[in-house]
Amino acid sequence: MSFKLDENLLLPLAGNWVRGEGPDMPLFNPADGSQMGVLKTASVAQVKTTIAAAKAAFATSGWATMNPHLRANCLFDAVDLIKQRADHLALLQTKENGKTLTESKGQVASAAGIVRYFAAVCETLTEDIAPARGSYLTATMHEPYGVVAAITPWNSPLTMAAQKIAPALAAGNAVILKPSELTSIVSIELVRCFIDAGLPEGLLSVLPGGPDVGNAITNHPDIHMISFTGGTETGRRIAEAVAPRFIPTIFELGGKSPNIVFADANLDAAAKGVTSAIFGSGGQSCVAGSRLFVEAPIYDDFMERVKTETAKIKVGDPMDGSSNIGPMASFSQRERVENYVQIGRDDGGKVTIGGTRPSGADYEQGAYYLPTIIENLSHSSRVCQEEIFGSVLCALPFDNLDHVAEMADDTAFGLACGIWSKDVTRAWNLGRRLQAGSVWINTYKQLSIAAPFGGYKDSGLGREKGLQGLRAYQQSKSIYLGGFTS
């Protein structure tokens, strides 16, 4: 069924809803290739106007100095609006990036939960009194940075935007959201919920567009902090651009996460977990378990279990409730995945399941690709080392704990890992040993908004979520009150 976007969609810029003055950006539905509409993006001139308005709103609206529990009230109201508009938000995300509607509905609920959590944290914020070290009182205050740029990816725009907007606002900042070109509409509609909840004018804006818009934001002198989720190379370019200004950054970047299965694991549960870890969301997840390491004595048996689970996955129309995976988010992303699978073949790898587009009339117009497993690779091959960001699993056997620990850490990334074993002590010690920001033992991709999230090495810098995730959007000031006599 065709789906058309509002051709007259306005952008929330500088406290007003206005028409973009930048280039036209056609938007396509990855499920059938149809053009859903054209978005008028923001211009570089509008970037400057919007950031100036955000700076003024931060300085004059009273938001930064407002009692935290009053800021919390606005965020709680935004939660109610997200829930009320859940069906609309879920549909937009599915149409823009191809997630199944079931998954998109779950992500709307998650976005509402994220905002509710940071509203609750904001409600209970306190300042700190340091222990006495002399005849004075020391108070540590936490103050917002000013104007924060939040740059989000296309794979999970609802949760990624909520994860940045909510703590940044709760901390007292103004926020500029730069969404991916692929998922601008759902990002605008999520921001509408915050604005309609009563945020001061100009405090939250969306600047959709291409690299020119992104560069104008990251290079603007009145951007006081940047939070970016996306590819490692883009993160590196942003870091280079802002380094001369010494502004704080949060980078949640790429991953090549290992999933490690020992011979004593519950193999049926592990097979289901391994399959979900890589093929959920079509592998388009930063924490996807894209490298599978299986203890050598059970390798053949376990791989048969994984292939059996993989064969059960239904790739299909994301609007169909029976589909487990929809299309890739774009045709260019499918081409990227196909290129990597060919690289794997060229490196001597054997594709043992998938490795092609699904056949049939239902798939001809969409960016569909089958879940794929590649075996017989050297761990030094590109497909084992580089992030593919698609439904491709590289499987290798290992001999012992030291062998798998060495391979697991032998990439530039360190975002997450999974460990499957009934020996919890061994699994715990291995998890402590590995360089990964999140470790799952006998489970995978369980995420809590209350737990800090981020990566080691090229997987990022800083942490999001939890109280730490809110304090990341604030700077500390120590005030010493003297005049006391001992």
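Residues numbered from 1 in each chain as written. Predicted model: local features only at pLDDT ≥ 70, side-chain atom pairs only at ≥ 80, totals over all residues. Heavy atoms only, no water.

Draft legend 1. Region of the structure containing helix α1 (residues 44-60). The end-to-end C-alpha separation of α1 is 24 Å, in line with the 24 Å expected for 17 residues at 1.5 Å each. When we look at burial in α1, the residues that qualify are Q46, V47, T50, I51, A53, A54 and A57. The buried side chains of α1 occupy one side of the element, clustering within an arc of 160° when seen end-on. For α1, the exposed residues lying more than 90 degrees away from the buried face are K48, T49, A59 and T60. Contacts made by the buried residues of α1 are with β1 (11-13), β2 (16-18), β7 (147-151), β8 (174-178), β9 (204-206) and α7 (211-218). (Helix = DSSP H or I, 4+ residues; strand = E, 2+ residues; numbered from the N terminus. Expected span 1.5 Å × (residues − 1). Buried < 20%, exposed > 50% of the residue type's maximum accessible area, 1.4 Å probe, protein only. Arc of directions from axis to C-beta. Contact = heavy atoms within 4.5 Å.)

Draft legend 2. Structural context of the sheet that holds β8. With mixed pairing, the six strands of this open sheet are ordered in space as β9-β8-β7-β10-β11-β21. Both edges of this open sheet fall to β9 and β21 (460-461), since each of them pairs with a single strand only. In this sheet, β21 lies alongside strand β11 (residues 249-252) in antiparallel orientation, the contact comprising two bridges. If you follow F251 over to β21, its bridge partner there is L461. Docked against the sheet, α7 engages β7, β8 and β10 (225-229), running at close to 155° with respect to β8. Against the sheet, helix α8 (residues 232-242) contacts β7, β10 and β11, and its axis sits at roughly 170° relative to β10. (Pairing = 2+ DSSP bridges. Axes fitted to C-alpha atoms, helices over the stretch in contact; angles between N-to-C directions.)

Draft legend 3. View of the nonpolar core. Ranked by internal contacts, the top residues of the largest apolar core, which has 83 residues, are I165, L169, F194 and I226. Filtering out sequence-adjacent residues up to four positions away, I226 remains in contact with A149, I151, T218, I238, V242, I247, P248, T249 and I250. Among the nonpolar cores identified, the runner-up in size contains 34 residues, and A270, V274, Y299 and F302 belong to it. (Core = buried A, V, L, I, M, F, W, Y, C linked by side-chain atoms within 4.5 Å.)

Draft legend 4. A look at helix α5 (residues 157-170). With 14 residues, α5 extends 20 Å between its outermost C-alpha atoms, agreeing within 8% with the 20 Å of an ideal straight helix rising 1.5 Å per residue. Counting buried positions along α5 gives 14 out of 14 residues, so the element sits mostly inside the fold. Immediately beyond the C-terminal end of α5, within one or two residues, lies G172, with a positive phi of roughly 105°.

Draft legend 5. Looking closely at the pairing of strand β18 (residues 416-420). Burial within β18 is extensive, with five of its five residues counted as buried. Covered by surrounding structure in β18 are A416, G418 and W420 together with C417 and I419, the residues of both alternating faces. Pairing geometry for strand β12 (residues 258-261) and β18, over three bridges, is parallel. Counterpart to V261 in the pairing with β18 is W420. The pairing of β18 with strand β19 (residues 438-441) spans four bridges and is parallel. Of the residues in β19, the one forming a bridge with G418 is W440.

Draft legend 6. Structural view of the pairing of β7. In terms of burial, β7 is largely enclosed, as five of its five residues are buried. Burial of β7 is two-sided: the residues V147, A149 and I151 facing one way and the residues V148 and A150 facing the other way are all buried. Strand direction decides the pairing type here: β7 and β8, joined by five bridges, are parallel. Looking across to β8, one finds that V147 is bridged to A174. For the segment spanning β7, α5 and β8, crossover handedness is right-handed. As paired elements, β7 and β10 share four bridges and run parallel to each other. Within β10, the position partnered with V148 by the bridge is M225. (Right-handed = clockwise from strand over helix to strand, strands pointing away.)

Draft legend 7. Local environment of the side chain of Q474. Along the chain, Q474 turns up in strand β22 (residues 474-481). Looking at Q474, its side chain comes within polar contact range of the side chain of R471, at 2.6 Å. Among residues more than four places away in sequence, those in contact with Q474 are H142, E143, P144, Y145 and A171. (Polar contact = N/O pair within 3.5 Å; in protein donor to acceptor, adjacent residues only side chain to side chain.)

Draft legend 8. Just the pattern of salt bridges, in detail. Taken as a whole and judged by the stated rule, the model has 20 salt bridges. One salt bridge connects D458 with R236, and the closest N-O pair in it is separated by 3.3 Å. You can see D458 sitting in the loop between β20 (456-457) and β21 and its partner R236 sitting in helix α8, a full 222 residues away along the chain. On the basis of relative accessible area, D458 is assigned to the partly exposed category, the value being 27%. With a shortest N-O distance of 3.4 Å, K272 and E309 are connected by a salt bridge. Of this pair, K272 sits in helix α9 (residues 267-279) while E309 is found in helix α10 (residues 299-311), placing the two residues 37 residues apart along the sequence. (Salt bridge = Lys/Arg side-chain N within 4 Å of Asp/Glu carboxyl O.)

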